[in-house]
Amino acid sequence: DEASTINTSNAIINATSLKHFIKMATISSSNNAANIDSIDSAKMNSNEPRLTSSNKVMFPWVMHEMLEDAEKKGFEHVVSWNSSGLSFKVHDRETFINDILPLYAAQTKYKSYVRQLNMWGFSCIHGGRKAPERGSYRSEHFIR
């Protein structure tokens, strides 16, 4: 089945990859393969943001929206996609936690935000001190 995409401003969301990402994160977070059946297949086949059982937009969709808004609304100096479009980085933690994150998520501490990233399967990029993507976060299914 071909990957369906939606074009939102300058970003393309690979809906098939994001669906797979959400399914795999749901399964791995609970270690219960039965959870894959709890994901509504009709919703998984649409390009609409995925909702939790309490009708909140799932974390990866919220993060993608925030990164799109960073470019549109001019706060790329705080958080932004890296030039590859395969990872993103928080450049100013204090401003991010105090001013940006509360607009998109419930986390109020950077550690909680990082814990949420880890629960969804994101990994931190480590490298040399001057590596441009050092401290960025990525997941193979979370792309610009």
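Residues numbered from 1 in each chain as written. Predicted model: local features only at pLDDT ≥ 70, side-chain atom pairs only at ≥ 80, totals over all residues. Heavy atoms only, no water.

## Re helix α4 (residues 93-100)
Listed as buried for α4 are F96, I97 and I100. Burial along α4 is one-sided: seen end-on, the buried residues are contained in an arc of 125 degrees. Buried residues along α4 sit in contact with α3 (59-73), β3 (79-81), β4 (87-90) and α5 (110-119). (Buried < 20%, exposed > 50% of the residue type's maximum accessible area, 1.4 Å probe, protein only. Helix = DSSP H or I, 4+ residues; strand = E, 2+ residues; numbered from the N terminus. Arc of directions from axis to C-beta. Contact = heavy atoms within 4.5 Å.)

## Considering the packing of aromatic side chains
Tallied over the entire structure, the rule returns eight aromatic pairs. With a centroid separation of 5.7 Å and an interplanar angle of 45 degrees, the aromatic rings of Y110 and Y113 are classed as tilted. Placement of both Y110 and Y113 in helix α5 is noted, with a separation of three residues, approximately one turn of the helix. Each of the two residues, Y110 as well as Y113, counts as buried. (Phe/Tyr/Trp six-rings, centres within 6.5 Å; stacked < 30°, edge-to-face > 60°.)

## With respect to α3
Spanning 15 residues, α3 covers 20 Å between terminal C-alpha atoms, matching the ideal 21 Å at 1.5 Å per step. With respect to burial, α3 is a largely interior element, eleven of its 15 residues being buried. The set of residues buried in α3 consists of F59, P60, W61, V62, M63, H64, M66, L67, E68, D69 and A70. Following α3 by one or two positions, G74 adopts a phi angle in the positive range, close to 80 degrees. (Expected span 1.5 Å × (residues − 1).)

## Remarks on the environment of K89
Mapped onto the elements of the fold, K89 is located in strand β4. With 13 residues separating them in the primary sequence, K89 and E76 have C-alpha atoms 9.5 Å apart. Not counting chain neighbours up to four residues away, the residues in contact with K89 comprise V78, V79, S80, N82, P132, R134, G135 and S136.

## Things to note about the confidence of the model for the protein chain
Do not read the fine detail of predicted coordinates wherever pLDDT is low. Averaged over every residue, the pLDDT of the protein chain is 73; residues scoring 70 or more account for 60%. In this model, residues 26-46 is a region of pLDDT below 50 whose contacts with residues beyond four sequence positions or in other chains number 15 contacts. (pLDDT = per-residue confidence, 0-100.)

## Points about the pairing of β4
Bridge analysis of β3 against β4 gives three bridges, and the strand direction is antiparallel. Considered in β4, the bridge of S80 is made with K89. The antiparallel hairpin formed by β3 and β4 contains five residues in its connecting segment, where G85 sits at a positive phi of about 75 degrees. In this sheet, strand β6 (residues 137-138) lies alongside β4 in antiparallel orientation, the contact comprising two bridges. Note on β6: the bridge partner recorded for S87 is R138. (Pairing = 2+ DSSP bridges.)

## Regarding the nonpolar core
Grouped together as the largest cluster of nonpolar side chains are 28 residues, with contacts concentrated most on M66, F75, V79, F88, F96, Y110 and Y113. Put simply, the parts of the chain that give this core at least two residues each are α3, β3, β4, α4 and α5. Sequence-distant contacts of Y113, that is, excluding residues within four places in its chain, are made with F59, M63, F88, V90, F96, L101 and Q107. (Core = buried A, V, L, I, M, F, W, Y, C linked by side-chain atoms within 4.5 Å.)

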